[in-house]
There are 2 protein chains.
Amino acid sequence: MDNFKNLDPLLHSQLRLAIMSILMNVDSAEFVYIKEKTEATAGNLSVQLDKLSQAGYIKITKSFKGKKPLTSCSITKVGISAFEKYVDDLKQYINP
Amino acid sequence: MDNFKNLDPLLHSQLRLAIMSILMNVDSAEFVYIKEKTEATAGNLSVQLDKLSQAGYIKITKSFKGKKPLTSCSITKVGISAFEKYVDDLKQYINP
DNA sequence: TAAAGTAGTTTATATTATAAACCTAATTTA
DNA sequence: TAAATTAGGTTTATAATATAAACTACTTTA
């Protein structure tokens, strides 16, 4: 309980944290839904989803809704663990 | 309770958050003490303390301990409010 | 069929964090 | 007492990160 634990840099980012926060509470979410909830630009969201996916924190499934592309995201077990650890580590910073 | 609040970018940084966390719990702290607790390099610490000071979140007092320079830091009222707001905003991200 | 819209991705730029190099003064060692 | 070492920083250069602008590919509407 002495020094500060390093916060997972992948999660210590407002947008990625918001994405993970959403995905913690749903089975899966579509690109457009996440975009609206986070108020992120599509470009930024695309990049950050990719990073989370690269890390294995989320799973991205590309399909079609009718004839339009549809990107769906869901959190993985690894992602859940990482999120929980992040929250736990963070407590050290925000509690007296 | 719908969309995500923006997290104060000045506080949403591991090192600056650690600095503020320390200063929330003491009257004042010396540069070297903060450096040890946070395990930051002196250069990085110097820069980040300066940013917090510029924002009015902390007060930096430069004096001498014997013949050596001594930099002391303390949190301001503005800093306390900002920290508390940050923690509050953050809860939206980490609670279900 | 031209213009506008949807759902994204790629790439260029701005911002931020970090470390390396540097400074000044004091102290120790040879 | 000259040279190296240490303390306590600051400044500056670089690496990493976030963001927005521009672009792609396809679809719908006028």
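A short tour of the structure in this document, coming up. What you see is a predicted model, and the numbers here were worked out from it, not measured in a lab.

Packed helices, taken two at a time, are described by their axes: the angle between them and the distance between them. Residue and element names in this part refer to chain B. For the pair helix α1 (residues 14–24) and helix α2 (residues 31–38), interaxial distance at closest approach is 10 Å and the crossing angle is 120°. Comparing their axes, α2 and α1 come out oblique. At the point where α1 passes α2, the crossing takes the right-handed sense. Residues Leu-15, Ala-18, Ile-19, Ile-22 and Leu-23 of α1 touch α2, and the partners they reach there are Tyr-33, Ile-34, Lys-37 and Thr-38. Counted by class, the contact of α1 with α2 contains seven nonpolar, one polar and one charged residues.

Around DNA strand D sit 20 residues in total, of which A:Ser13, A:Arg16, B:Ser46, B:Lys62 and B:Thr71 are the nearest. Backbone atoms, meaning sugar and phosphate, make up 66% of the atoms of DNA strand D lying within 4 Å of the protein. A distance of 2.4 Å separates a phosphate oxygen of DNA strand D from a polar side-chain atom of A:Arg16. Elements supplying a minimum of two residues to the surface near DNA strand D: α3 (42–54) of chain A together with α2, α3 (42–54) and β3 (68–75) of chain B. The leading source of residues in the surface near DNA strand D is α3(A), at five residues.

So, how was this worked out
- Residues numbered from 1 in each chain as written.
- Chains lettered and ligands numbered in written order.
- Predicted model: local features only at pLDDT ≥ 70, side-chain atom pairs only at ≥ 80, totals over all residues.
- Heavy atoms only, no water.
- Axes fitted to C-alpha atoms, helices over the stretch in contact; angles between N-to-C directions.
- Helix = DSSP H or I, 4+ residues; strand = E, 2+ residues; numbered from the N terminus.
- Parallel < 35°, antiparallel > 145°, perpendicular 65-115°, else oblique.
- Left-handed = near helix turned anticlockwise from the far one by under 90°.
- Contact = heavy atoms within 4.5 Å.
- Nonpolar A, V, L, I, M, F, W, Y, C, P; charged D, E, K, R; others polar.
- Near = heavy atom within 4 Å.
- Polar contact = N/O pair within 3.5 Å; in protein donor to acceptor, adjacent residues only side chain to side chain.

So far we have only geometry, and geometry alone does not tell us how the molecule works.
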